[in-house]
Amino acid sequence: MSGLELTADTPVAGRRAERHMPGEEGVWVFILGDMTVFALFFAVFAWYRGVDPALFTASQQTLNAGYGLFNTCLLLTSSWFVVLAMNAARRHLNNQAALLLVLAFLCGLGFSLVKFLEYGEKIAAGLVPTTNNFYMFYYILTGLHFVHVVIGMVVVLFMAHRARRGIRGGGDMSFLEGGASYWHMVDLLWIVLFPLIYLMK
Amino acid sequence: MGQVIRHYTTWIWLLLVALTTMSWELGDGQAASALAPTLAAPLLMLVAFFKVRLVGLHFMELRTAPLPLRLLFEAWVVVACGAILVIYLQ
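Novice: How would you summarise the overall build of chain B if you had to cite specific residues and measurements?
Specialist: Each helix and strand in chain B was counted, giving four helices and zero strands. Traced from its N-terminal end to its C-terminal end, chain B shows the element sequence α-α-α-α. For 90 residues, the compact-globule formula gives about 12 Å, and the C-alpha radius of gyration of chain B, at 16 Å, lies well above that figure. Counting only C-alpha atoms, chain B reaches 45 × 35 × 10 Å along its principal axes.

Novice: Requested: an account of the overall build of chain A, with residues and values cited.
Specialist: Of the regular secondary structure elements, chain A holds six helices and zero strands. The secondary structure elements of chain A, listed N-terminal to C-terminal, are α-α-α-α-α-α. Judged by the C-alpha coordinates and their principal axes, chain A covers about 55 × 30 × 20 Å. Buried residues in chain A amount to 43% of all 201 residues. Across chain A, contacts joining residues at least 24 apart in sequence account for 78% of those joining residues at least 6 apart.

Novice: Hey, could you go over the interface of chain A and chain B for me, with residue numbers and the actual values?
Specialist: Frequently, the measure chosen for interface size is the accessible area that the parts lose on association. Contacts between the two partners involve 39 residues from chain A and, on the opposite side, 40 residues from chain B. Listing elements by their share of the side of chain A that touches chain B, those giving two or more residues are helix H1 (25-51), helix H3 (65-90) and helix H6 (170-199) of chain A. Element by element, the count of residues in the side of chain A that touches chain B is highest for H3 of chain A, at eleven residues. Residue classes in the side of chain A that touches chain B are distributed as 27 nonpolar, nine polar and three charged.

Novice: Account for the environment of methionine 1 of chain B, with residues named and values stated.
Specialist: All names here are of chain B. Among the secondary structure elements, methionine 1 is positioned in the segment before helix H1 (2-5). Among the residues examined, methionine 1 registers 11 C-beta atoms within 10 Å and is labelled exposed. Through-space distance from the C-alpha of methionine 1 to that of leucine 16 is 22 Å; in sequence the pair is 15 residues apart.

Novice: Got a sec to walk through the packing of helix H5 (residues 133-165) of chain A against H6 of chain A? Specific residues and values, please.
Specialist: Residue and element names in this part refer to chain A. Where H5 meets H6, the axes come as close as 9 Å, and the angle between the chain directions of the two elements is 155°. With respect to each other, H5 and H6 are oriented roughly antiparallel. With respect to the hand of their crossing, H5 and H6 are arranged in left-handed fashion.

Novice: Describe the environment of histidine 148 of chain A, naming the residues involved and giving the relevant values.
Specialist: Mapped onto the secondary structure, histidine 148 of chain A falls in helix H5. Exposure remark for histidine 148 of chain A: the 17 C-beta atoms within 10 Å place this residue in the partly exposed category.

Novice: Could you give me a rundown of helix H3 (residues 37-59) of chain B, with the residues and numbers involved?
Specialist: With 23 residues, H3 of chain B should cover 33 Å at 1.5 Å per step; its first-to-last C-alpha distance of 31 Å lies within 8% of that length. Immediately downstream of H3 of chain B, the backbone of glutamate 61 of chain B shows phi near 60°, a positive value.

Novice: Let's hear about unusual backbone geometry: which residues, and what values?
Specialist: Unusually for a residue other than glycine, histidine 92 of chain A sits at a positive phi of about 60°. Inspection of the secondary structure assignment puts histidine 92 of chain A in the loop between H3 and helix H4 (94-124). Note on histidine 92 of chain A: 12 C-beta atoms within 10 Å, which makes it exposed. Phi is positive for glutamate 61 of chain B, close to 60°, though the residue is something other than glycine. Position of glutamate 61 of chain B among the secondary structure elements: in the loop between H3 and helix H4 (67-89). Look at glutamate 61 of chain B and you get buried, because 24 C-beta atoms sit within 10 Å.

Novice: Can you lay out the nonpolar core for me, pointing to particular residues and giving the numbers?
Specialist: If you look at the biggest cluster of nonpolar residues, it comprises 88 residues, and the most contacted ones within it are Val82, Ala85, Leu101, Ala104, Val156 and Ala163 of chain A. For this core, the secondary structure elements donating two or more residues are H1, H3, H4, H5 and H6 of chain A together with helix H2 (8-27), H3 and H4 of chain B. Among the elements that make up this core, the one with the highest residue count is H6 of chain A (19 residues). When neighbours within four sequence positions are excluded, leucine 101 of chain A is seen to be in contact with Val82, Ala85, Val156, Met159, Ala160 and Ala163 of chain A.

Novice: How would you summarise the confidence of the model for chain B if you had to cite specific residues and measurements?
Specialist: Detailed reading of the predicted coordinates is not advisable wherever pLDDT falls low. Overall, the prediction assigns chain B a mean pLDDT of 93, with 99% of residues at 70 or greater. At the low end of the mean pLDDT range in chain B sits H1 of chain B, at 82; at the high end sits H4 of chain B, at 97.

Novice: Tell me what's going on with the confidence of the model for chain A, and back it up with residues and numbers.
Specialist: Across chain A, the average pLDDT comes to 92, with 92% of residues at or above 70. Scored below 50 in pLDDT, residues 1-9 of chain A makes ten contacts in the model with residues more than four places away or belonging to other chains.

What counts and how
Residues numbered from 1 in each chain as written. Chains lettered and ligands numbered in written order. Predicted model: local features only at pLDDT ≥ 70, side-chain atom pairs only at ≥ 80, totals over all residues. Helix = DSSP H or I, 4+ residues; strand = E, 2+ residues; numbered from the N terminus. Rg over C-alpha atoms; globule rule 2.2 N^0.38 Å. Buried ≥ 20, exposed ≤ 12 C-beta atoms within 10 Å, placed from the backbone. Contact = placed C-beta atoms within 7 Å. Nonpolar A, V, L, I, M, F, W, Y, C, P; charged D, E, K, R; others polar. Axes fitted to C-alpha atoms, helices over the stretch in contact; angles between N-to-C directions. Parallel < 35°, antiparallel > 145°, perpendicular 65-115°, else oblique. Left-handed = near helix turned anticlockwise from the far one by under 90°. Expected span 1.5 Å × (residues − 1). Core = buried A, V, L, I, M, F, W, Y, C linked by C-beta atoms within 7 Å. pLDDT = per-residue confidence, 0-100.

See the structure below:
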């Protein structure tokens, strides 16, 4: 397994014998750690919901699930652009890879704009973190996730810059793979947050 | 661009968007009243974690990653989804 070195040209749909780590090990320690922290938050949210289901359901009705749906689709599309960018980078289509990463960044920007609009509406309606337990969790969970989105957007821009320059060594590919994995994690966490906060009654 | 888009992950993306829209219908749209909340909520979570696995295996390339990494991810899916369901159904 370790004897086979993968190059940037190796197709991803590899055989079992050619297992490949997408990005540096350190990146994955960080990603799995982050995912574990979020899993704890999911469980704590579910627990508090169980303490007062009526309050949580009533508060959930005041959210606009349409925003959540739109934002989920934006992140899914953004992730897909990153996957395509990796395909392009592996084929040394540098400009296409960079363009796709810029598109992924723009999806992140769209997500941020919707988030600001949503927070603005809620605050204007007097729904703030101190309103009740539901809103406290709503702001903590979506806020913490939003910090990850902003960091991810910066990472994606760096990736676009690196992809445009072209992959010159294994380090370049590893950087792109690590960044891509982080951005997919941001998407993955929102996939759980959307039904948990906006939909589950 | 064609050869880049003509990749199986494009179908995965379409499936993810379709499942998201269906979940929204089930939780907030026309179909919301068709199913009891005690049935809809666990279904929404199972669909969400199915989507998580699609992203993990096909977008994050864990399908072809070293086995320990793949197993850590699978374990996270089982524990996170299981914990939410157990707490919810109590």
